[in-house]
Amino acid sequence: MSKTQSLGWEHKKRSPIKRLFGPWAGFVVTFRTLFQKPVTEQYPFEKVPPKPRYHGRHQLNRHPDGLEKCVGCELCAWACPADAIFVEAADNTPEAQYSPGERYGRVYEINYLRCIFCGLCIEACPTRALTMTNDFELASQSRADMIYTKDQLLVAPPEGVPAAPHPMVPGTQDVDYYAGKVTGPVPEQLEWVAAHRPAGSGTGVQAQATRSVNA
Ligand code: SF4
Ligand code: SF4
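Here the residue numbering is sequential within each chain, running from 1 through the sequence in written order. Whichever chain is written first becomes A and whichever ligand is written first becomes 1, with later ones labelled in order. For this predicted model, a pLDDT threshold of at least 70 governs which residues receive local features, and a threshold of 80 or more governs which side-chain atom pairs are given and counted, while totals over whole chains, interfaces and linings are taken from all residues.

J.: Outline the site of ligand 1, supporting the account with residue identities and numerical values.
T.: Inspection of the region around ligand 1 gives 13 residues, with C80, C115, C118, L120 and C121 positioned closest. Gly is put with the polar residues, along with every residue not named as nonpolar or charged; the nonpolar set is Ala, Val, Leu, Ile, Met, Phe, Trp, Tyr, Cys and Pro, and the charged set is Asp, Glu, Lys and Arg. Of the residues assigned to the shell around ligand 1, the class counts are twelve nonpolar, one polar and no charged. Being near a molecule or strand means, for a residue, that its C-beta atom, positioned from the backbone, comes within 6 Å of it.

Written out as structure tokens, the structure reads:
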């Protein structure tokens, strides 16, 4: 190959005008944005709400009568690509019924040092026990604090709804809960809670509850 033969990758020679103004072309963007409204967010003084489907901190949900939706099946833990979830199930008993059916999630932890907020765990959950909120403020100076436990993830029951444990709505099976037939606590459940937890700790029990099982 001769010295004068082109290899095809050399830069084309630019005109003197382009060589003069080329280095300044990048400043056009700077000058243009000088006169635009700034988009700086004054976080944490002004919090801009994220989009409704933003993947933030997880939440463990309850049925309308206060029983927990998590049945301790561990599907969320198996689906997690970051191995961020730890679940340990236990059996429900007549004295301590936490969820409809046989088992409930006795231990539930999410390690937010590992979580990548992909949402695969909530897709895997068969009972919609696990969902994600819009809460993104998860920073901490302690590694231990970044492991959220069940008491931090479990949503509080609404006013007037007793927290688990308490019996299922009489005459129902677990499938009735998933069919939406249970819409709130019934007097039998409130009486059980009043008898077994007289202090009403965490129950918010109110006597006016009415039977709320759809036939
Ligand atoms: S959002 Fe993704 S990474 Fe985080 S716990 Fe769920 S499956 Fe694991
Ligand atoms: S959150 Fe859902 S998937 Fe995970 S253990 Fe509970 S019921 Fe199973």
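Having seen the structure, we can now continue with the description.
J.: Which residues make up the pairing of strand β3 (residues 103-111), and what are the values?
T.: The side chains of a regular strand alternate, first on one face of the sheet and then on the other. The pairing criterion for strands is at least two bridges between them, as found by DSSP. The helix count covers DSSP runs of H or I at least four residues long, the strand count covers runs of E at least two residues long, and both are numbered beginning at the N terminus. Bridging between strand β2 (residues 85-91) and β3 involves seven bridges; their strand directions are antiparallel. Bridged to E88 within β3 is V107. In the sheet, β3 pairs with strand β5 (residues 147-148) via two bridges, with the strands oriented antiparallel. Residue I110 lies in a different strand from β5, and its bridge partner there is Y148.

J.: Break down unusual backbone geometry for me, with residues and values.
T.: Between Y43 and P44 the backbone carries a cis peptide bond, its omega angle lying at 10°. The residue after A164, namely P165, is reached through a cis peptide bond having omega 10°. Along the polypeptide, P165 turns up in the loop between α5 (150-153) and α6 (174-178). Although it is not a glycine, D83 adopts a positive phi angle of roughly 55°. Looking at the element boundaries, D83 is found in the loop between α3 (75-79) and β2. For D83, a count of 11 C-beta atoms within 10 Å gives the class exposed. Positive phi is not limited to glycine here, since F117 has a value of about 55°. Considering the arrangement of structural elements, one finds F117 in the loop between β3 and α4 (120-124). Exposure in this text rests on C-beta crowding, where 20 or more other C-beta atoms within 10 Å of a residue's own make it buried, 12 or fewer make it exposed, and counts in between make it partly exposed. The C-beta atoms are placed from the backbone.

Shape is all these values report; function is a separate question.
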